[in-house]
Amino acid sequence: MNIDGADERAALLAPERRARILALVVRNKSMLVKDLCALFHVTGETIRKDLATLEREGKLIKTHGGAYVQEGVRNEVDLSIRASLLPRTKDAIGRACAALVREGDTIFLDESTTCLAIARHLLRVEGLTVLTNSLAIAGLFAEGGTGRLLLSGGELDRKNQCFSGYGAEEFLSAYYADKSFISCRGLDRQAGATDGSAVSGGIRRLMLCHGRQRVLVLDRTKLDQINFYHICDLAEIGTLVVDRLPDGPWRKLLVREQIKVIETLEEEEQP
């Protein structure tokens, strides 16, 4: 059967369609409902039911606009899906990070949705200079910010709505900041902070190294995860801002490494 034909894709039985949807999500790490509708020529309601079934079977994680899987070291999830995950948790982390910023500071913010949450709490800080590769953060400050904005050039990464590659790294490498705020895909006690790709991970490492105060921001789902690219060792981090830190080895290690920990201690929120 020629599965590339639109009529044949639309005529697939539900179990076969779900199997093909799962294969796409696993291969791409995330898929949007609108893209699956276009591929299979079915309604959004049908796709959402398929995703709900696959989630009940434990095969993927369903979100408002699509679905994703966490498996694989090279795991990059579409920005629109990441933006819908743990909004209250990220907002609390953003508020805690904003409290570290002073008027007149120069800061790095990466393209993560957690750093976007930080940006929302910084719009009225006077004299702020923000360096970023994120289109979303740039748009936020362009519309409502009072400080100075420097947006990197480079190649547009549509999936993550940011600039990346040599042009972005060359631009950002010329600057140093009072504070660097970066996130990561995973944080492990041995491997340190890691990312799903060398491209985004390299920019995060650059931002971190060029900050006088180095702040890693993440939610608890990133702990004990290892991804493709090594951003930094734990010893290179000055402050960790997280919603909740488990008791035991993590706390002992961070005390030993003299890393300041800020917990937002928000109520549990489902990913």
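Residues numbered from 1 in each chain as written. Predicted model: local features only at pLDDT ≥ 70, side-chain atom pairs only at ≥ 80, totals over all residues. Heavy atoms only, no water.

A.B. asks: Even after reading the chapter, I still don't get the packing of helix 2 (residues 14-28) against helix 4 (residues 44-56), so can you show me in this structure?
C.D. replies: The geometry of a pair of packed helices is captured by two quantities: the angle between their axes and the separation between those axes. One way to put it is that helix 2 packs onto helix 4 with a least axis distance of 10 Å and a crossing angle of 75 degrees. Classified by the angle between their axes, helix 2 and helix 4 sit roughly perpendicular to one another. Along the contact surface, helix 2 presents Arg-17, Arg-18, Ile-21 and Leu-22, while helix 4 presents Thr-46, Ile-47, Asp-50, Leu-51, Thr-53 and Leu-54. Class assignment for the residues of the contact of helix 2 with helix 4 results in 5 nonpolar, 2 polar and 3 charged. (Axes fitted to C-alpha atoms, helices over the stretch in contact; angles between N-to-C directions. Helix = DSSP H or I, 4+ residues; strand = E, 2+ residues; numbered from the N terminus. Parallel < 35°, antiparallel > 145°, perpendicular 65-115°, else oblique. Contact = heavy atoms within 4.5 Å. Nonpolar A, V, L, I, M, F, W, Y, C, P; charged D, E, K, R; others polar.)

A.B. asks: Before we go on, may I ask you to explain the sheet that holds strand 1 (residues 30-32) in this structure?
C.D. replies: Strands pair in a sheet through their backbones, by hydrogen bonds, and they do so in one of two ways: parallel or antiparallel. If you trace the 3 strands from one edge of the open sheet to the other, you get 1-3-2, paired in antiparallel fashion. Of all strands in the sheet, those with a lone pairing partner are strand 1 and strand 2 (61-62), marking the two edges. Relative to strand 3 (residues 66-68), strand 1 is paired through 3 bridges, and the arrangement is antiparallel. In the strand pairing of strand 3, Leu-32 is matched with Gly-66. In this fold helix 3 (residues 33-40) packs onto strand 1 and strand 3, with an angle of close to 75 degrees to the strand it touches most, strand 1. (Pairing = 2+ DSSP bridges.)

A.B. asks: Would you mind going over the nonpolar core with me for this structure?
C.D. replies: Note on soluble globular proteins: their nonpolar side chains tend to be buried together. Formed by 28 residues in total, the largest nonpolar core has its most connected members in Leu-187, Leu-216, Leu-218, Leu-234 and Leu-240. Contributing elements (two or more residues each) for this core: helix 9 (165-173), strand 9 (177-182), helix 10 (198-209), strand 12 (211-218), strand 13 (229-232), strand 14 (239-242) and helix 11 (249-256). Those residues in contact with Leu-218, other than ones at most four positions away along the chain, are Ile-93, Ser-183, Cys-184, Leu-187, Leu-223, Leu-240, Val-241, Val-242 and Asp-243. (Core = buried A, V, L, I, M, F, W, Y, C linked by side-chain atoms within 4.5 Å. Buried < 20%, exposed > 50% of the residue type's maximum accessible area, 1.4 Å probe, protein only.)

A.B. asks: What should I look at first to understand helix 8 (residues 135-144) in this one?
C.D. replies: If you check which residues of helix 8 are buried, you get Ile-137, Ala-138 and Phe-141. Down the axis, helix 8 shows its buried residues gathered within 100 degrees of arc, on one side only. Residues Ala-142 and Glu-143 are exposed on helix 8 and point more than 90 degrees away from its buried face. Capping the start of helix 8, Ser-134 holds a side-chain oxygen 3.3 Å from the backbone nitrogen of Ala-136, two or three residues further along. (Arc of directions from axis to C-beta. Polar contact = N/O pair within 3.5 Å; in protein donor to acceptor, adjacent residues only side chain to side chain.)

A.B. asks: Could you clarify how one ought to interpret the sheet that holds strand 12 in this entry?
C.D. replies: An order of 6-5-4-9-12-14-15 is seen for the 7 strands of this open sheet, with the pairing classed as parallel. Edge strands, defined here as strands with exactly one partner in the open sheet, are strand 6 (148-151) and strand 15 (260-263). Averaged over all adjacent pairs, the angle separating strand axes in this sheet is 20 degrees, with direction ignored. As paired elements, strand 12 and strand 14 share 4 bridges and run parallel to each other. By the bridge assignment for strand 14, Val-217 is matched with Val-241.

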